[in-house]
Amino acid sequence: MESTRATLVAFPQAGILGDNEEYHNAAQAHVKALTKLSSDAKWASQASQLIEQLDPSTHSLSYLYVLQTLKSANSYPLDDLLLKLTAFFTSFDARQIRYGGKAFTKLLSQPRLQDVFPASVAVELIATALLQLDPTGSVLTSHHTDLVRFAYMTNSVEPVLPIIEKNIVFYPGIRGYTNTRLLSDPDLPPSGFIAVLDHDFSKPLDTEKILEHDLLRGLCFIQRRSWQQAFDALERVITFPSRETNNASKIMVEAYNKWILVGLLLKGKAPVLPSITSVGPRKIYDTTGKPYYALAQAFEKRTAEAFKGEYEGLSQAFWDEEKNFSLLKLVIEHYQKWQILNLRHVYSKISLEQIRTRTRSGETAAPLGSVQEIEALVKGMIDEEILQGEVVHPENGGPAYLAFSSAADDLTEEEFTRRMVGAGQRIKELGPVVRATNERLASNKDYLKWLAQQKRQEQQQGQSQGGGAGEVPGFGDVVEDEDLMTGIVAG
Amino acid sequence: MADPLLEFFTQMDDQGGIVVKDAPKFDLDLLIQNYRGRTKFDRLLLIGRSSVKLCVEALKVALAEAKRGRDIQRYREVVEYLRIAAPDDPDAVYDKKWLEKQELANREETQRLLAELKGYKNNLIKESIRMGNEDLAKHYEAIGDLNAASEHYSKMRPDVSTAKHLVDVGKHLVRVAIQRREWNMLFPHLAKMSLNGQYPEEERSSQPFIKAATGIAFLGQDKYHEAALAFLEADPTVPAKAYSDIISRNDIAVYGGLLALATMDRRELQAMVLENQSFRMFLEPEPHIRRAVTMFVNGRYSSCIEILEGYRSDYLLDIYLQKHVSRIYAKIRSKCIVQYLIPFSCVSLETLEKAFGSPESSIEDELAVMIEEGVLEARIDGIERLVHTVRVDPRAQMQASALASAENYEKQAVERLRRMAIAAADLELTPIKKQGLHHQLGGDLAYADQEIVMG
């Protein structure tokens, strides 16, 4: 037992940091030792005592192995296990854990934490662990996809927010990638040890999983009514790069429909498909998304009858099938709200009675029945902070009116500075990501091939422009791009 | 008599035509004297089809005009109209004898000219070929075959030898294109008429024709500002005969004045219309246009609108203006309101109602529409019944655009990085052979329709 303990605390050696290579070798040796120890018969019985003698932040690797043994043994009290897991996940040394990818994955998935603890606890634990491993949150792993899916299905969206609010820019698995840096390099970006081929930290992911992940993120945000974030997440799905020229993924189609509805809630008008949308999906959206697009256009046009006609023209069965009924209900509810909101561009003050006659309910396509209903609606909007203004009841007994606050659209100097600095900071933070991308690409065979090709072409062009007498420069290109006949006639 | 007329205008209305009920201020005979050539008939027919008061009179003059010409299709058309509008009129019957005679004569003339042209071509004399083409094209134009006319006018171009010839070809082609309403085609024709300052005499005499045609072309494409500039530049010293086959002097004044009013601010109007010595000569026979512009420049907007409203039905009977009158008037009206509001930070709705009010719609609704469309920067105070004008704050604008571009930059950068990563990991959506969409949704996953909670 004592010798085991000695082995466990042997790495990292206290006080001696060593250079990267030394650290690398030591870490690898330690993992080997740990693997050997954990296969020992006595190991499981000693684990509960051993763990008390380890500090999760200094001896993270050892702690991880012991903890995994405890967890899989099923005999350790759950409350204690939760304490230990929390301690570990909030404080482990990510540099050490880079070497323990397999064990880390096991800790999360064998058995799954979701099966051991209540849903919200499990979600929070995993989210903490993933962020501790990769504070930038820029690398997608199979843990992410599983987690978000589970969180959405069990309705525990809140604890997963820190994870889904991050922008994913790296995906595991890259063709022809050879790691040129040691895992121990303190400057190694998270993508350098998570998103590599040996799949220690993640199972391989396919396109479907990635699309589904962003769709689920969108759905989580929809549940939270964070329309902007939901809109961005769904936009990632619908603009997913595609080499397909005639087709799209079902998931993308699904996301497109929701994206339009969320766009209406967010902006009050039909969103415009981003220019980066690929050709194939764009074609498909045109046909499959027709009912939604027509609805969005009617929403903009402000003839309540047309709007009502659009959504009523589609049967209940259609909406049931589409599973967008809750969203649709919100859109209908927001129809009148957006009309009132648009009045702020025209009026500074407007009586509630005028609002009543000038706006129509999306549900009945008629003005609301009484000023009281309008007042309730407007007050609701003010409470939700959609609308900046106040309802005034004049003392002289005149009709009640809504006064839009005039400074609502203008930023204060401080607010502007704060947001500008924020944006600048976020752009600066992209620096390491750009460097990491560059590094990853630099060792990619395909990319190098492409670079070489590019260079050769440049050289060839330089030569032909120099005046090769017998050759027509770019002749092949011309014929390929244009109508054959005109090309030849003109030539 | 009322009944057939009513029926006639119901038909015109159904066909999407504009029907003008009020009597115009002009005299038909005097008006039509300003023009020559085929445009005379076109204008008469338009007045006949649109004006309730002048219908029969205009159609009868048109009929006489058609009979003086050689275009039998026109004759048929106007008789057809007349038969509906005034069935009892002695003119409302086909002159079969004339028709047959004219048709035969036209055919023979075509054959004769074609044979002549063939002869010229065999002789290889350029000038003869040019003239042969010109004669043939003029004949085609006279009998209403505009397509063939345009073709043969174009064939004159290779054989031109003097500057005058070149200008003539251009004029012919422009005239035909205007008759065919091909506004796009006008620009290349007009561009080829420019002589680059080498022949000042020819250039001077064709200047108003080119300017007027340019203006008409821009007007046809709804580019009012460009059209106004073209009309304002026309040279008044050239006799009207040089362009009366497309437009009259009075028309240039009206078009130029109205379009300038619709698109220019007060300073521009002062400098480019009222102080424009050459355009003043055009304005002389149309003093009310000058008055309207003066009123606008002097800030008497309601008088300006009043004057123009008085001439609305005249302009609705103009061949080129008809379609645009309501839009031009609306533009002038909203400009008047905007200009009216400029010196004030706050105006009561009553004052505005007095100045611009019309019985049809309340000024408040009109203002609301203008603000929504972005024509007017103002906010209505529906309680105090006031209109506050909004001053644009350039600092706030700059800040907003700076923020937007920073945020956009960030978003794009992330998106690009992500796309590179997807491409590098070979995760793009790739084509599949089988039918149907990719990736059916997982069966256990009920995407959405969960209750949406409060955030």
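Note that the structure is a prediction, hence the values are computed from the model and not measured.

Caption draft 1: Structural detail: the overall build of chain B. Each helix and strand in chain B was counted, giving 22 helices and three strands. In terms of overall size, chain B is more extended than a compact globule, its C-alpha atoms giving a radius of gyration of 30 Å where 455 residues would be expected to give roughly 23 Å. Referenced to the eigenvectors of the C-alpha coordinate spread, the extents of chain B come out at roughly 85 × 70 × 55 Å. For chain B, the proportion of its 455 residues judged to be buried stands at 49%. For chain B, contacts bridging at least 24 residues in sequence account for 63% of all contacts bridging at least 6. As displayed, chain B has an accessible area near 22,400 Å², and 52% of this comes from carbon and sulfur atoms. Across chain B, the 61 positively charged side chains and the 69 negatively charged ones have centroids separated by 6 Å.

Caption draft 2: Expanded view of the confidence of the model for chain B. All names here are of chain B. Taken as a whole, chain B shows an average pLDDT of 86; of its residues, 94% reach a score of 70 or greater. Low pLDDT (under 50) marks residues 442–446, which in the prediction has seven contacts with non-local residues, meaning those over four places away or in another chain. This complex was scored by the predictor with a pTM of 0.73 and an ipTM of 0.81.

Caption draft 3: Here's a closer look at the domain arrangement of chain A. Looking at chain A, the domain boundaries give domain 1 (2–205) and domain 2 (225–410). Look at where the C-alpha atoms of domain 1 of chain A and domain 2 of chain A centre, and you get two points 44 Å apart.

Caption draft 4: Representation of the pattern of salt bridges. Scanning the entire structure with this criterion turns up 49 salt bridges over all chains. For Glu 384 of chain A, the salt bridge identified is with Lys 337 of chain A, shortest N-O distance 3.4 Å. In this pair, Glu 384 of chain A is assigned in the loop between α22 (371–383) and β2 (389–392) and Lys 337 of chain A in helix α20 (residues 325–342), connecting sequence segments 47 residues apart. We note a salt bridge from Arg 175 of chain B to Glu 141 of chain B, for which the minimum N-O separation is 2.7 Å. With Arg 175 of chain B in helix α9 (residues 163–179) and Glu 141 of chain B in helix α7 (residues 126–143), this pair connects stretches of sequence that are 34 residues apart.

Caption draft 5: Looking closely at the pairing of strand β3 (residues 386–389) of chain B. Residue and element names in this part refer to chain B. Alternating positions in β3 separate cleanly, Val 387 and Thr 389 being buried on one face and Leu 386 and His 388 remaining unburied on the opposite face. Pairing of strand β1 (residues 346–348) with β3, which is carried by three bridges, proceeds in the antiparallel orientation. From the neighbouring strand, Cys 346 faces β3, where its bridge partner is His 388. Pairing geometry for strand β2 (residues 378–381) and β3, over four bridges, is antiparallel. By the bridge assignment for β3, Asp 381 is matched with Leu 386. Between the end of β2 and the start of β3, which pair antiparallel, lie four residues, with Arg 385 showing a positive phi angle near 60 degrees.

Caption draft 6: View of the environment of Cys 346 of chain B. Residues and elements named next belong to chain B. Along the chain, Cys 346 turns up in strand β1. Overall, the relative accessible area of 31% leaves Cys 346 in the partly exposed class. Sequence separation between Cys 346 and Ala 424 is 78 residues, and the spatial gap between their C-alpha atoms is 61 Å. When neighbours within four sequence positions are excluded, Cys 346 is seen to be in contact with Leu 386, Val 387 and His 388.

Caption draft 7: Spotlight on the interface of chain B and chain A. Taken together, the 60 residues of chain B in the interface contact 82 residues of chain A. Counting the surface lost from both chain B and chain A, the interface buries some 6,400 Å², and carbon and sulfur atoms represent 58% of this. Along the contact surface separating chain B from chain A lie nine salt bridges. Close ionic contact of Glu 428 of chain B with Arg 243 of chain A constitutes a salt bridge, the shortest N to O distance being 2.9 Å. Counting across the chain B and chain A interface gives 19 residue pairs in polar contact (both at pLDDT 80 or more). For the side of chain B that touches chain A, the secondary-structure elements that each account for two or more residues are α21 (363–372), β2 and α22 (394–424) of chain B. For the side of chain B that touches chain A, the class distribution of residues is 32 nonpolar, ten polar and 18 charged. As defined by bridge partners, strand β1 (residues 347–351) of chain A adjoins β2 of chain B across two bridges and the pair is classed as parallel. Counterpart to Lys 349 of chain A in the pairing with β2 of chain B is Asp 381 of chain B.

Caption draft 8: Region of the structure containing the nonpolar core. Core analysis: the biggest nonpolar cluster contains 257 residues, and Phe 89, Phe 104 and Leu 402 of chain A together with Leu 258 of chain B have the highest contact counts within it. Looking at which element gives the most residues to this core, the answer is helix α15 (residues 250–267) of chain A, with ten residues. The residues contacting Leu 402 of chain A, other than those within four sequence positions of it, are Ile 340, Ser 348, Lys 349, Ile 350, Leu 352, Ile 355, Val 378, Ile 382, Leu 387, Glu 390 and Val 391 of chain A.

Caption draft 9: Layout of the packing of helix α20 (residues 349–356) of chain B against α21 of chain B. Residue and element names in this part refer to chain B. One way to put it is that α20 packs onto α21 with a least axis distance of 10 Å and a crossing angle of 95 degrees. When the interaxial angle is binned, α20 and α21 end up roughly perpendicular. Contact with α20, carried on its side by Leu 349, Leu 352, Glu 353 and Phe 356, involves Ile 363, Glu 364 and Leu 367 of α21 and no other residues of that element.

Caption draft 10: Structural view of helix α4 (residues 55–68) of chain B. Taking 1.5 Å of rise per residue, the 14 residues of α4 of chain B would be expected to cover 20 Å, and the 20 Å separating its terminal C-alpha atoms lies within 8% of that figure. By the burial criterion, the buried members of α4 of chain B are Cys 55, Val 56, Ala 58, Leu 59, Ala 62, Leu 63, Glu 65 and Ala 66 of chain B.

Rules used in this analysis
Residues numbered from 1 in each chain as written. Chains lettered and ligands numbered in written order. Predicted model: local features only at pLDDT ≥ 70, side-chain atom pairs only at ≥ 80, totals over all residues. Heavy atoms only, no water. Helix = DSSP H or I, 4+ residues; strand = E, 2+ residues; numbered from the N terminus. Rg over C-alpha atoms; globule rule 2.2 N^0.38 Å. Buried < 20%, exposed > 50% of the residue type's maximum accessible area, 1.4 Å probe, protein only. Contact = heavy atoms within 4.5 Å. Areas by Shrake-Rupley, 256 points an atom, 1.4 Å probe, with all protein chains shown as cover. Lys, Arg positive; Asp, Glu negative; His and termini not counted. Charge placed at Lys NZ, Arg CZ, Asp CG, Glu CD. pLDDT = per-residue confidence, 0-100. Domains from an automatic or database assignment. Salt bridge = Lys/Arg side-chain N within 4 Å of Asp/Glu carboxyl O. Pairing = 2+ DSSP bridges. Buried area = accessible area lost by both parts, 1.4 Å probe. Polar contact = N/O pair within 3.5 Å; in protein donor to acceptor, adjacent residues only side chain to side chain. Nonpolar A, V, L, I, M, F, W, Y, C, P; charged D, E, K, R; others polar. Core = buried A, V, L, I, M, F, W, Y, C linked by side-chain atoms within 4.5 Å. Axes fitted to C-alpha atoms, helices over the stretch in contact; angles between N-to-C directions. Parallel < 35°, antiparallel > 145°, perpendicular 65-115°, else oblique. Expected span 1.5 Å × (residues − 1).

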